[in-house]
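Observations on the three-dimensional arrangement
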Amino acid sequence: MKKCALFAVAVLCCALAASADPAPAATEQPRTVTLEEIFSPSAGPVAPISLTGCYISKQCVCGGGYVEIDCSGEVSCTEQVRSVTCDGVKTYCPPIGSCPP
């Protein structure tokens, strides 16, 4: 009797497990695009590439106040202790005593 009950429980568990698994969905193959489709006139206009660029500014101590230096670039903008650099072009702060108070 124990064996029959154990067998019935095992069959019931297998039946529940089989019914819980959904049928695998058919996987859709990726579409292959040819060069003719990409470069055909019917493909429409090509969107322009936008470059964001960069901008940096720094306040420099000068005399009794501050002077602001800045630059902008298309690739890189970095700040150093007394200068800023944009696309390799460095802009320096004026000498500390050169500005009027």
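Everything here concerns the structure above.
Here goes a summary of the coordinates provided.

So, how was this worked out
- Residues numbered from 1 in each chain as written.
- Predicted model: local features only at pLDDT ≥ 70, side-chain atom pairs only at ≥ 80, totals over all residues.
- Heavy atoms only, no water.
- Core = buried A, V, L, I, M, F, W, Y, C linked by side-chain atoms within 4.5 Å.
- Buried < 20%, exposed > 50% of the residue type's maximum accessible area, 1.4 Å probe, protein only.
- Helix = DSSP H or I, 4+ residues; strand = E, 2+ residues; numbered from the N terminus.
- Contact = heavy atoms within 4.5 Å.
- Disulfide = S-S within 2.5 Å.
- Pairing = 2+ DSSP bridges.
- Patch = residues over 30% accessible without salt bridge, like charges linked within 9 Å, V, L, I, M, F, W, Y side chains within 5 Å.
- Areas by Shrake-Rupley, 256 points an atom, 1.4 Å probe, with all protein chains shown as cover.
- Salt bridge = Lys/Arg side-chain N within 4 Å of Asp/Glu carboxyl O.

A few points about the nonpolar core
Of all hydrophobic cores here, the largest spans seven residues; its members are Ile56, Cys60, Ile69, Cys71, Val84, Cys86 and Cys93. When residues of this core are traced back to their parent elements, those giving at least two are strand E1 (54–62), strand E2 (65–73) and strand E4 (83–86). Excluding residues that lie within four positions of it along the chain, cysteine 86 makes contacts with Ile56, Cys71, Ser72, Gly73, Ser76 and Cys77.

Digging into the state of the cysteines
A complete count under the given rule lists three disulfides for this structure. The disulfide that involves cysteine 60 links it to cysteine 93, with 1.8 Å between the sulfurs. The chirality of the disulfide connecting cysteine 60 with cysteine 93 is left-handed, given an S-S dihedral of about -55 degrees. Of this pair, cysteine 60 sits in strand E1 while cysteine 93 sits in the segment after strand E5 (89–92); the two residues are 33 residues apart in sequence, bridging distant segments of the chain. In this structure, cysteine 60 and cysteine 93 share a single accessibility class: buried.

Concerning the environment of glycine 64
Within the fold, glycine 64 resides in the loop between E1 and E2. Glycine 64 sits in the exposed class, given a relative accessible area of 64%. For the pair glycine 64 and isoleucine 96, spaced 32 residues apart in sequence, the C-alpha to C-alpha distance is 9.0 Å.

Some points on the side chain of serine 83
With respect to the secondary-structure elements, serine 83 resides in strand E4. Serine 83 sits in the buried class, given a relative accessible area of 3%. In contact with serine 83, not counting residues within four places along its chain, are Lys58, Ile69, Lys90, Thr91, Tyr92 and Cys93.

Section: the pairing of E2
Sheet topology note: the E1/E2 ladder contains nine bridges and is antiparallel. When the bridges of E2 are listed, tyrosine 55 appears paired with serine 72. Here E1 folds back onto E2 in antiparallel fashion, the turn holding two residues, of which glycine 63 has a positive phi close to 65 degrees.

A few points about a nonpolar patch on the surface
Taken together, the side chains of Val61, Tyr66 and Ile96 make up a nonpolar region of the molecular surface, amounting to roughly 320 Å² of accessible area. Assignment of secondary structure puts tyrosine 66 in strand E2. You can call tyrosine 66 exposed: its relative accessible area is 59%.

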